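One-letter residues, chain by chain:
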Amino acid sequence: MKIFRCALLLALFGSQNVSGFSMRMMSSAATKNYKTQRFPTPPRIKKTQNWKEAAEKSKKFRDETTTSAQKKKVAIIGGGLSGLACAKYLSDAGHEPVVYEARDVLGGKVSAWQDADGDWIETGLHIFFGAYPNMMNLFEELDIEDRLQWKEHQMTFAMQELPGQFTSFKFPPGVPAPFNMAAAILTNTEMLTFEEKLRMVPGLLPMLLEGQSFIDAQDELSVSEFMKKYGMPERINEEIFIAMGKALDFTDPDKLSMSVILTAMNRFINEADGSQTAFIDGNQPDRLCKPMVDHIAARGGQVLTGKPIASIEVNLDDDSVESLKLADGSTVKADMYVSAMPVDIIKRLVPKAWSSMPYFEQLSELEGIPVINLQIWFDTKLTSVDGLCFSRSPLLSVYADMSTCCEEYASETSSMLELVFAPATEAVGADRNWIAASDEEIIDATMLELRRLFPTEIGPDAPGGGAQITKSTVVRVPRSVYATTPGRNKFRPSQESPISNLVMAGDFALQKYLGSMEGAVLSGKLAAEVICDKASGRTTNGVKDVHSSIAEGKEKVPVGVRGNFPIAFGGGQQGTGSNPEHP
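Small disclaimer: the values here were computed from a predicted structure and weren't measured.

Trainee: Sorry, what's going on with the sheet that holds strand E11 (residues 309–314) here?
Mentor: By way of backbone hydrogen bonds, the strands of a sheet pair with one another, either parallel or antiparallel. Strand order in the open sheet made by the three strands is E11-E12-E13, with antiparallel pairing throughout. Because the sheet does not close on itself, it has two edges, and the strands there are E11 and strand E13 (331–332). As judged from the five bridges shared by E11 and strand E12 (residues 321–326), these two strands associate in the antiparallel manner. Considered in E12, the bridge of Ile312 is made with Leu324.

Here it is as structure tokens:
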């Protein structure tokens, strides 16, 4: 098998557009019927080792025999996916979780809210992959698998030099990994020359032979440095890695750790349905967060919104958490506490007594990455792809026509494009600070890019002046998922902390799925596992050793969270300056 995979690298990423294969041809079926299409749940997802391990971990919580003496009241700070997942599994195990969410909406990075027109405004374009085993288990456990709208197993890219034309790598059904990826690539025409493909092999071959140990070791190298080290030509970067980097972490390859690219490639090569994608069939608060809240409440837990934390109070004798002080002046006491806040927010709340500890000092090496999410409504139906599309644009990462992809937004007469605008600042590869730009500037720049993607339907050269915008929204997230710049992995904290009654969750905490929905759910699950093990007197995995470059520092007074708007709590926000436009 390893020999075959080595040969597979000769073709990997070596596909080009199918001659004459235009967007209009790809979307002809979608435009015939405005109802969104659903493919069956990929059956092999539940046969992978990763899915089985995730299922076994879930079962462990359900099988807990928590006695009244072992039952813990757990205060969880943060109602994103990580905090909700932690509460869900704690409630399964018989504990009493209470989630305190600062905002009036749940979901964190997947939050959404309705505007005055009743339209859902989303923090980001969120796609579910077959290689998300803990997320897939969660959907099954909540009995909401039917809310996932699986798409045809293909990956679609815009062609930079051929406006309006796209290429798809189509994965044949029923073919095992890695042969299905080989078929997807080999049945398409070439984009890279044979020589260029050969020059990729020395760098990628060790990934297949050595596995995760090689992938982890590349965390210190940027994609650009990795390419230089292994003699890869720049055209591979231009054709492949730029698109991957912007999709995976909203940044350019010279700012991105190569371990991120290799992690994704490894999952997709080794899991037959790992790269197959699904959209949730409506807004995330109703279709995903609410079932989690209902599940928690049915088992004695609570989820409270509009409860920002002002400070973490510490016991002077042992530095454990004494209580939480809320912004409204009330106090919360619990047996155990979980931080499920974004890394940029927990850093602002670390108590003075903890601030010099290396475990907390290392958090200064992590920070969220900026990104912008756009939604643009048009007065006509565009002939768009039914699924996620890699735009390969200087300003845009990925996009989807939600009127074609998602049941709640389905329309046969008009389109709503949701687009990821990235990179968003100079620090991560943009030509300017787009976070600080006006909505009008961002939409105008996006429309210029959309003329290339839809040359016969958008812009002055299109018939009748082309599709017209009826509405648009711009949601800025100055600090999204943690930035996977080179060398960050060694600074990610374990879920268990040196504080006896504090556990760390959030996708930045150590787990193998990086900054993603899957990573957030897994981190919350691991945090719940620490609490269950401690409550039952079982041995835990302990606190991860802090890297030697982090020394004990000086005590610092926490700056606290300033303001009562979404960005202050790590969320996404419409509007700029002092005029935020949503909860």
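Next, the rest of the story.
Trainee: Please explain the nonpolar core as it appears in this structure.
Mentor: Among soluble globular proteins, nonpolar side chains are generally buried collectively. Within the largest apolar cluster, 142 residues are counted, with the highest numbers of intra-cluster contacts made by Phe128, Met135, Phe241, Trp354 and Phe360. In this structure Met135 touches Leu81, Phe128, Met517, Glu518 and Val521, once residues within four positions along its chain are discounted.

Trainee: Could you clarify how one ought to interpret the UniProt feature "binding site: FAD" (unreviewed entry) in the protein in this entry?
Mentor: Residues annotated in UniProt with the feature "binding site: FAD" (unreviewed entry) correspond here to Ser82, Glu101 and Ala102. Structurally, Ser82 is set in helix H5 (residues 81–92). Here Ser82 falls in the buried class, since its relative accessible area comes to 4%. Filtering out sequence-adjacent residues up to four positions away, Ser82 remains in contact with Ala340, Ala505, Gly506, Ala520, Ser523 and Gly524.

Trainee: Quick question: what am I supposed to make of the domain arrangement of the protein here?
Mentor: Many authors give the size of an interface as the accessible area that is lost as the parts come together. Looking at the assigned domains, one finds that the protein contains domain 1 (49–113 + 124–128 + 281–365 + 484–536), domain 2 (152–275) and domain 3 (368–482). A C-alpha centroid distance of 24 Å is found between domain 2 and domain 3. Contacts between the two partners involve 20 residues from domain 2 and, on the opposite side, 28 residues from domain 3. Counting the surface domain 2 buries against domain 3, the share from its top three residues, Thr156, Lys246 and Phe250, is 33%. On inspection of domain 2 and its partner domain 3, the count reaches twelve residue pairs in polar contact (both at pLDDT 80 or more). Contributions of two or more residues to the side of domain 2 that touches domain 3 are made by strand E7 (154–158) and helix H12 (234–249). Considering every element that reaches the side of domain 2 that touches domain 3, the biggest residue donor is H12, with six residues.

Conventions and cut-offs
- Residues numbered from 1 in each chain as written.
- Predicted model: local features only at pLDDT ≥ 70, side-chain atom pairs only at ≥ 80, totals over all residues.
- Heavy atoms only, no water.
- Pairing = 2+ DSSP bridges.
- Helix = DSSP H or I, 4+ residues; strand = E, 2+ residues; numbered from the N terminus.
- Core = buried A, V, L, I, M, F, W, Y, C linked by side-chain atoms within 4.5 Å.
- Buried < 20%, exposed > 50% of the residue type's maximum accessible area, 1.4 Å probe, protein only.
- Contact = heavy atoms within 4.5 Å.
- UniProt positions renumbered as here; feature names shortened; annotations may be inferred.
- Domains from an automatic or database assignment.
- Buried area = accessible area lost by both parts, 1.4 Å probe.
- Polar contact = N/O pair within 3.5 Å; in protein donor to acceptor, adjacent residues only side chain to side chain.

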